[in-house]
Structure formats: C-alpha cells, structure tokens
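# Coordinates in review
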Amino acid sequence: MNKNNKLSLQTRKCLEVQIGVRAANEIYELINNMSEEISSLKRNKVNVTRITPVSSDPNESPRYS
C-alpha cells in the first residue's frame, strides 16, 4: 500500500490478471474501504478509564484500606 493507504493501480491490475476483473474490483474496493475505516477509527480514538463504584462505608471500600 502506498502512503495514503490505498492499493496502487499496479496492484489492482495484477489482481485483475490473476483472479479476474470483477473479483479484483471487489477486493480492491473492500481493502480501500477497510483502510479508510481504520484511519477514521484511529483519528477518533478515545482513551477509556474504568470507573468502579466506591462504597460510602469505609469498611467495604478498598479506597479506605
């Protein structure tokens, strides 16, 4: 894959020769769409911090141990 995460035209042509035009186009589109989705997920990634409930009773909460 090149720097913009799309399959090159050369790769597409090689796929067409090896597996046929329709199958190559399907694979080409699938890979490009998946690449775009991955890029979008990376851009929108957020860190998640788990929050555990804390009891108000000091004897039940590990926070007060």
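Scroll up to find the structure this text is about.
Cut-offs used in this document
- Residues numbered from 1 in each chain as written.
- Predicted model: local features only at pLDDT ≥ 70, side-chain atom pairs only at ≥ 80, totals over all residues.
- Heavy atoms only, no water.
- Helix = DSSP H or I, 4+ residues; strand = E, 2+ residues; numbered from the N terminus.
- Buried < 20%, exposed > 50% of the residue type's maximum accessible area, 1.4 Å probe, protein only.
- Expected span 1.5 Å × (residues − 1).
- Contact = heavy atoms within 4.5 Å.
- Salt bridge = Lys/Arg side-chain N within 4 Å of Asp/Glu carboxyl O.
- Polar contact = N/O pair within 3.5 Å; in protein donor to acceptor, adjacent residues only side chain to side chain.

### Some words on the overall build of the chain
Looking only at helices and strands, the chain features two helices and zero strands. Evaluated residue by residue, the chain yields a buried proportion of 12% over its 65 residues.

### Some thoughts on helix α2 (residues 21–43)
Between the first and last C-alpha of α2 there are 33 Å, a value that for 23 residues agrees with the 33 Å anticipated at 1.5 Å per step. Regarding α2, the residues found buried are A24, Y28, N32 and S35. On the buried face of α2, the contacting elements are α1 (9–19).

### A few points about the pattern of salt bridges
On inspection of all chains with the given rule, the structure shows three salt bridges. Of the charged contacts in the structure, one is a salt bridge between K13 and E16, with a shortest N-O distance of 3.7 Å. Of this pair, K13 and E16 both sit in helix α1, separated by three residues, roughly a single helical turn. What makes E16 buried here is its relative accessible area of 18%. If you follow the salt bridges from partner to partner, you end up with R12, K13 and E16 in one network.

### Points about the side chain of N32
On the secondary structure map, N32 appears in helix α2. Residue N32 is classed as buried on the basis of its relative accessible area, which comes to 5%. Looking at N32, its side chain comes within polar contact range of the main-chain nitrogen of L7, at 3.1 Å. Excluding anything up to four places from it in sequence, N32 contacts N5, K6 and L7.

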